[in-house]
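Analysis of the macromolecular model
Single-letter residue listing:
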Amino acid sequence: EVAGAELHLSAPLTDASGQDLGADLVGILDLVAGGRVIDLKTAARASDGFSVTLAHQVQLEAYRYLLAACAPDLSPTGAAIRTLIRTREPRITEQPVPLRVPEAFLDLCWAYIDAVHRTAVPTPRPGLLCNATCPAYAACRAHHGLEAA
């Protein structure tokens, strides 16, 4: 049962006590189905479960946070990466990704935000939504050796 697809969500980051961490979390969730948040990927070859977990666990925990904040009725009990493997004979794999306790995700966010505030240096993290409306756009482009547009 599909509960949601391409959900555009945004919520302030707050810890369990309600303390505002000073940043908003924004994400686009590919799929919520069967009580799980599922991210869709494509790849040239299959990856083992450990690699998939390392690469995507924080992303899926962020999606769980967004669902809990914005759509509590859709809060997932699990997570997975569903990948289209682009080979001669294409196939779809699904790898469950364990979700840690929500506090682990918030601790990571808090540490990251604290480090950014202490160093006052934005950490570039380019993505498909990068554009000139981002306050770090010029610094990010310079970091990657590009002129600011």
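Here the structure is shown first, and the text comes after it.
Quick look at the structure, then. (Residues numbered from 1 in each chain as written. Predicted model: local features only at pLDDT ≥ 70, side-chain atom pairs only at ≥ 80, totals over all residues. Heavy atoms only, no water.)

**Digging into the pairing of strand E3 (residues 36–43)**
Judged from the three bridges that link them, strand E2 (residues 20–33) and E3 form a sheet pairing that is antiparallel. Bridged to Ala33 within E3 is Arg36. Adjacent in sequence and paired antiparallel, E2 and E3 are bridged by two residues, among which Gly34 carries a positive phi angle near 60°. Once you follow E3 into helix H1 (residues 49–70) and on to strand E4 (residues 78–85), the crossover reads as right-handed. (Pairing = 2+ DSSP bridges. Helix = DSSP H or I, 4+ residues; strand = E, 2+ residues; numbered from the N terminus. Right-handed = clockwise from strand over helix to strand, strands pointing away.)

**Remarks on the pattern of salt bridges**
Tallied over the full model, the rule gives four salt bridges. Close ionic contact of Glu94 with Arg36 constitutes a salt bridge, the shortest N to O distance being 2.4 Å. Of the two residues, Glu94 sits in strand E5 (residues 91–96) while Arg36 sits in strand E3, which places them 58 residues apart along the sequence. Overall, Glu94 belongs to the partly exposed group, its relative accessible area being 34%. Using a relative accessible area of 26% as the deciding quantity, one classes Arg36 as partly exposed. Notably, a salt bridge pairs Arg100 with Glu61, separated by 2.6 Å at the nearest N-O pair. Here Arg100, found in the loop between E5 and helix H2 (102–119), pairs with Glu61, found in helix H1; they are 39 residues apart in sequence, far enough to count as distant. (Salt bridge = Lys/Arg side-chain N within 4 Å of Asp/Glu carboxyl O. Buried < 20%, exposed > 50% of the residue type's maximum accessible area, 1.4 Å probe, protein only.)

**Comments concerning the pairing of E4**
Among the eight residues of E4, six are classified as buried, and the element is accordingly described as predominantly covered. Of the pairings in the sheet, the one linking E3 to E4 comprises eight bridges and is parallel in character. Bridge pairing links Lys41 to Thr83 in E4. Note that E4 and E5 share six bridges and pair antiparallel. Each bridged residue has a counterpart across the sheet, and for Arg82 the counterpart in E5 is Glu94. Hairpin connection of E4 to E5: five residues between the antiparallel strands.

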